Amino acid sequence: MLIRRLVTVRSVEHSSYCSVASFSTYLSVCRRRSSCCSSSVSCTMSYHKELAAAKKAASVAARLCQKVQTELLKSDVQSKSDKSPVTVADYGSQALVSIILQKELSSESFSLVAEEDSGDLRKDDAKEILERITKLVNDTLSSDGSYDFSPFSTENILASIDSGKSDGGPHGRHWVLDPIDGTKGFVRGDQYAIALALLEEGKVVLGVLACPNLPLESIAGVAKTSSDARVGCLFFAKVGSGTYMESLGGSDPVKVHVTEVENPEEASFFESFEAAHSQRDLSSLIAEKLGVKAPPVRIDSQAKYGALSRGDGAIYLRFPHKGYREKIWDHAAGYIVVTEAGGVASDASGNPLDFSKGKYLDLDTGIIVTNGKLMPLLLKAVQDSINEKTSTL
Ligand SMILES: Nc1ncnc2c1ncn2[C@@H]1O[C@H](COP(=O)(O)O)[C@@H](O)[C@H]1OP(=O)(O)O
Ligand SMILES: [Mg+2]
Ligand SMILES: [Mg+2]
Ligand SMILES: [Mg+2]
């Protein structure tokens, strides 16, 4: 395969983050935080190349997903219930991320823990869909223009999807990918994310969240995105270096921070849009005990972590129904985006999230995220609510 890089991926230097007038909502945060960059050596020394590669991969994959979503929403009702457009985007996104990461980091050994595998695509009746995915990947790379390549074959695409079969674990480096997080939101035309993170010795060291439908301005208290809102956010974070957001369409990055709200009465919380993904009765009991007044903001995917990282809300409550096991690709990128922005994430017992155990997160009951000041109050409300719910069963 002949691939030649034509354009050097634009790296992000922290010096530029305060210069954007268009992100007015975030400028005050940006000014407050502007002294931190000089304090951390790892800020500019570590994972620079990996972060640039991850941003490039997630941005190009987001373009593929946007194209498929636009076509999906234009199609008639009958074809909307057809799962194939989603499948095409899931696989296409995973193939693209895998191809771009391997191209950009060609000298390194490559391990990827990703949601999809090629099993179903290798079946006889999947020939047509595989060809559609292959064309979509080739067209997306070609219109991006950063690479000069011979078109990928269907076999190449299957192999790139299957490079995501790693199990992760506590040793070495592993990329972690959810090629479309929030599939239900994607189909509805709502929020979804391309979520990519890097684990080093079991710890998340960088993460990128591409959220093609998330407004650039705050969504605090906004039930539905207005049609003229400017959308498309790319959040990224490196360990010890803070969290930044830029426009997916291209803009200078702006440093973001979680809210500093201390009074739960002024806090609002995010939860899943899908009722089947979370125990809403438990979330509302917790909110009531805390004294939260605002109704929940319900959106799909790890876009919740991105929105929280820039202070659009104060709390994320996630309590899947019994028996559901959380996967690392559903949280790794969001976790570092929110923690580098000053947030704290734990399970319902207050244990930190452990990404070193393989594909699954080993959790007690659920995931809670907020700022450092609210966490002790939130943990107490969570534990009281769980005890109360259990005792009434
Ligand atoms: N029954 C379930 N309970 C909780 N989460 C689920 C369930 N089924 C799928 N998910 C995953 O939850 C995430 C979306 O959660 P949210 O409700 O926050 O939007 C996605 O990662 C989705 O996977 P997928 O990546 O396939 O969309
Ligand atoms: Mg997911
Ligand atoms: Mg997914
Ligand atoms: Mg899925």
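The model shown is predicted, which means the values in this text are computed figures rather than measured ones. (Residues numbered from 1 in each chain as written. Chains lettered and ligands numbered in written order. Predicted model: local features only at pLDDT ≥ 70, side-chain atom pairs only at ≥ 80, totals over all residues.)

### Side note on the pairing of strand S12 (residues 315-318)
Turning to step 1, where the next piece is worked out: Because side chains alternate across S12, one face comprises the buried residues Ile315 and Leu317, and the other comprises Tyr316 and Arg318, equally buried.
Turning to step 2, where the next piece is worked out: With two bridges connecting them, strand S10 (residues 269-271) and S12 associate as parallel partners. In the strand pairing of S12, Phe269 is matched with Ile315.
Turning to step 3, where the next piece is worked out: Where S12 and strand S14 (residues 367-371) come together, three bridges link them in antiparallel fashion. (Buried ≥ 20, exposed ≤ 12 C-beta atoms within 10 Å, placed from the backbone. Helix = DSSP H or I, 4+ residues; strand = E, 2+ residues; numbered from the N terminus. Pairing = 2+ DSSP bridges.)

### Some remarks on the site of ligand 1
Turning to step 1, where the next piece is worked out: Inspection of the region around ligand 1 gives 14 residues, with Thr183, Ser272, His277, Asp300 and Asp330 positioned closest.
Turning to step 2, where the next piece is worked out: The set of elements that each furnish at least two residues to the shell around ligand 1 consists of strand S4 (173-181) and helix H8 (183-188).
Turning to step 3, where the next piece is worked out: Classifying every residue of the shell around ligand 1 gives three nonpolar, six polar and five charged.
Turning to step 4, where the next piece is worked out: Both domain 1 (48-73 + 82-249) and domain 2 (264-392) contribute no fewer than three residues apiece to the shell around ligand 1. (Near = placed C-beta within 6 Å. Nonpolar A, V, L, I, M, F, W, Y, C, P; charged D, E, K, R; others polar. Domains from an automatic or database assignment.)

### What about the packing of helix H3 (residues 48-74) against helix H6 (residues 127-144)?
How two helices pack is summed up by the angle between their axes together with the distance between the axes.
Turning to step 1, where the next piece is worked out: Running from N to C, H3 and H6 cross one another at 120 degrees; their axes reach a closest spacing of 10 Å. Classified by the interaxial angle, the pair formed by H3 and H6 is oblique. Along this stretch, H3 crosses H6, giving a crossing that reads as right-handed. Across from Val60, Arg63 and Leu64 in H3, the residues of H6 making contact are Leu136, Thr140 and Asp144.
Turning to step 2, where the next piece is worked out: Each residue belonging to the contact of H3 with H6 can be placed in one class, and the counts come to three nonpolar, one polar and two charged. (Axes fitted to C-alpha atoms, helices over the stretch in contact; angles between N-to-C directions. Parallel < 35°, antiparallel > 145°, perpendicular 65-115°, else oblique. Left-handed = near helix turned anticlockwise from the far one by under 90°. Contact = placed C-beta atoms within 7 Å.)

### Remarks on the sheet that holds strand S5 (residues 193-200)
Turning to step 1, where the next piece is worked out: Pairing is mixed across the open sheet formed by seven strands, whose spatial order is S2-S4-S5-S6-S7-S8-S9. Among the strands making up the open sheet, the edge pair consists of strand S2 (112-114) and strand S9 (254-256). Taking each pair of neighbouring strands and ignoring which way they run, the sheet shows an average axis angle of 20 degrees.
Turning to step 2, where the next piece is worked out: As defined by bridge partners, S5 adjoins strand S6 (residues 203-215) across seven bridges and the pair is classed as antiparallel. Opposite Leu196, over in S6, you have Val208 as the bridge partner.
Turning to step 3, where the next piece is worked out: In this fold H3 packs onto S4, S5, S6 and strand S7 (231-238), with an angle of close to 30 degrees to the strand it touches most, S6.
Turning to step 4, where the next piece is worked out: Those strands touched by helix H11 (residues 332-339) are S4, S5, S6, S7 and strand S8 (243-247), and its axis lies near 95 degrees from that of S6.

### Section: the domain arrangement of the protein chain
Turning to step 1, where the next piece is worked out: What the domain assignment lists for the protein chain is domain 1 (48-73 + 82-249) and domain 2 (264-392).
Turning to step 2, where the next piece is worked out: Taking the mean C-alpha position of each, domain 1 and domain 2 sit 24 Å from one another.
Turning to step 3, where the next piece is worked out: Of all elements in the fold, only S2, S4, H8, S5, S6, S7 and S8 reach the threshold of two or more residues within the side of domain 1 that touches domain 2.
Turning to step 4, where the next piece is worked out: The greatest single-element share of the side of domain 1 that touches domain 2, amounting to eight residues, is contributed by S6.
Turning to step 5, where the next piece is worked out: Its residues assigned to classes, the side of domain 1 that touches domain 2 comprises 24 nonpolar, twelve polar and seven charged.

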